[in-house]
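Examining the three-dimensional arrangement
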Amino acid sequence: MTAQRGRFITLEGVEGAGKTTALKTVEQCLRAHAPGLRITREPGGTPLGEAVRELLLSHSHEGMSASSEVLLMFAARAEHLDKVILPTLEQGDWVLSDRFTDASYAYQGGGRGLGIDRIAVLEQWLQGDFRPDLTLILDVPVEQGLSRAAERADPDRFEAEKGEFFERVRAAYLGLAAQNPQRYRIIDASQPLDAVRDHIRECVEQWLNRR
Ligand code: Z5A
């Protein structure tokens, strides 16, 4: 008998939204249902993906074209799907990924201005109909997110972008969520940490109970 396919949950967010803390809360909620939960991230999650991540975040590649950027994101994703995500789900375990294709819609489609249609072509080509089962988007007004992130010592190539870039990223995320409320949950990450954690727990528990 083959194992039932595992569930694929993704976490997304704008700059300074607090994904790192949120990931731990989501993990705690999921572990009881999925002891073999695999936590991973994008860009990254495989040796090749982590090498591509270094290229993408490094200031040595300032001025990289938006097309190169999105193709590198999808190259890392192809490896991630092939080596980690799909095999884990097929053996019945669950996967929690810190970012996935929605980030390409938001950052390259919205932020860099490539548009939704081009990302959709790449998504369809690589993934066919495969999509996450649940996506949490941590949302925070851009100015508030940037002021939290300003405490970082060494901003990477994305973190060094300006406010207008992150406004487009945020609008793209909210647009995705509005089109498909079944899959996405927006978490108001402007609230104090305890309130954000409570909201995450509530959303994940509700989703688990409905399955
Ligand atoms: N990217 C892309 O462009 N296209 C793609 O397809 C993919 C990715 C997959 C790296 O991702 C970059 O790749 C990313 C998008 C791009 N660039 N950016 N920006 P990443 O996910 O590794 O990097 P990140 O976005 O910088 O994530 P992060 O490190 O998890 O940071 P964060 O979400 O911004 O938040 P944080 O580090 O958890 O929190 C920031 C600070 O705020 C920290 O001091 C916290 O203690 C504080 N914080 C958090 N929540 C609160 C609340 N509620 N109240 C008060 N203070 C808080």
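Anything mentioned here points back to the structure above.
Residues numbered from 1 in each chain as written. Predicted model: local features only at pLDDT ≥ 70, side-chain atom pairs only at ≥ 80, totals over all residues. Heavy atoms only, no water.

Here's the deal with the nonpolar core
With 51 residues, the main nonpolar core has L30, Y107, L136, L138, Y173 and I200 as its most contacted residues. In terms of residues, this core owes the most to one element, helix α7 (residues 163-179), which gives seven residues. Every residue in contact with L136, bar those within four places of it in the chain, is listed here: T10, L11, E12, V26, R185, I187, I200, C203 and V204. (Core = buried A, V, L, I, M, F, W, Y, C linked by side-chain atoms within 4.5 Å. Buried < 20%, exposed > 50% of the residue type's maximum accessible area, 1.4 Å probe, protein only. Helix = DSSP H or I, 4+ residues; strand = E, 2+ residues; numbered from the N terminus. Contact = heavy atoms within 4.5 Å.)

Quick look at the sheet that holds strand β5 (residues 184-188)
Reading across the sheet, the five strands line up as β2-β3-β1-β4-β5 and stay open at both edges, with parallel pairing between neighbours. Two strands bound the open sheet, and with one partner strand each, they are β2 (38-41) and β5. Ignoring strand direction, the axes of neighbouring strands in this sheet form an average angle of 20°. Sheet topology note: the strand β1 (residues 8-13)/strand β3 (residues 95-98) ladder contains four bridges and is parallel. From the neighbouring strand, L11 faces β3, where its bridge partner is D98. (Pairing = 2+ DSSP bridges. Axes fitted to C-alpha atoms, helices over the stretch in contact; angles between N-to-C directions.)

Quick notes on the site of the ligand
In the vicinity of the ligand there are 28 residues, among which G16, K19, R53, R99 and S104 approach most closely. Here an oxygen atom of the ligand sits 2.9 Å away from a polar atom, N or O, in the side chain of E159. Taking 1100 Å² as the accessible area of the ligand by itself, protein coverage stands at 83%. Structurally, the ligand is housed in the largest pocket. Every element with two or more residues in the shell around the ligand is listed here: α1 (19-31), α2 (47-57), α3 (66-90), α4 (101-111) and α8 (193-210). A class-by-class count of the residues in the shell around the ligand yields eleven nonpolar, seven polar and ten charged. (Near = heavy atom within 4 Å. Polar contact = N/O pair within 3.5 Å; in protein donor to acceptor, adjacent residues only side chain to side chain. Areas by Shrake-Rupley, 256 points an atom, 1.4 Å probe, with all protein chains shown as cover. 1 Å grid on protein atoms, 1.4 Å probe; cavity = no way out; pocket = protein on both sides within 12 Å on 5 of 7 lines; lining within 4 Å. Sits in = over half its atoms within 2 Å of the grid points. Nonpolar A, V, L, I, M, F, W, Y, C, P; charged D, E, K, R; others polar.)

Quick word on α3
Taking 1.5 Å per residue, 25 residues should reach 36 Å; α3 reaches 33 Å between its end C-alpha atoms and fits that length. Within α3, the axis deviates most sharply at L81, by approximately 50°. Among the residues making up α3, those that are buried are E69, V70, M73, F74, A76, R77, H80, L81, V84, I85, T88 and L89. On its buried face, α3 is in contact with β1, β2, α2, β3, α4 and α5 (116-127). Looking one or two residues past α3, G92 carries a phi angle of roughly 95°, positive in sign. (Expected span 1.5 Å × (residues − 1). Bend = angle between axes of the 7 residues up to and from the residue.)

Considerations on the pattern of salt bridges
Applying the stated criterion across every chain, the model contains 16 salt bridges. Residue K83 is joined to D82 by a salt bridge in which the shortest nitrogen-to-oxygen separation is 3.7 Å. Its relative accessible area of 51% is what places D82 among the exposed residues. Note that D139 and R170 form a salt bridge whose closest N and O atoms lie 2.7 Å from each other. With D139 in strand β4 (residues 134-139) and R170 in helix α7, this residue pair connects regions lying 31 residues apart in the sequence. A single network of salt bridges, built from pairs that share partners, joins E69, R112, R157 and E161. (Salt bridge = Lys/Arg side-chain N within 4 Å of Asp/Glu carboxyl O.)

So, unusual backbone geometry
Going from E42 to P43, the amide bond is cis rather than trans, its omega being -10°. By secondary structure assignment, the location of P43 is in the loop between β2 and α2. Positive phi is not limited to glycine here, since R99 has a value of about 80°. Its place among the elements puts R99 in the loop between β3 and α4. The exposure class of R99 is buried, given its relative accessible area of 15%.

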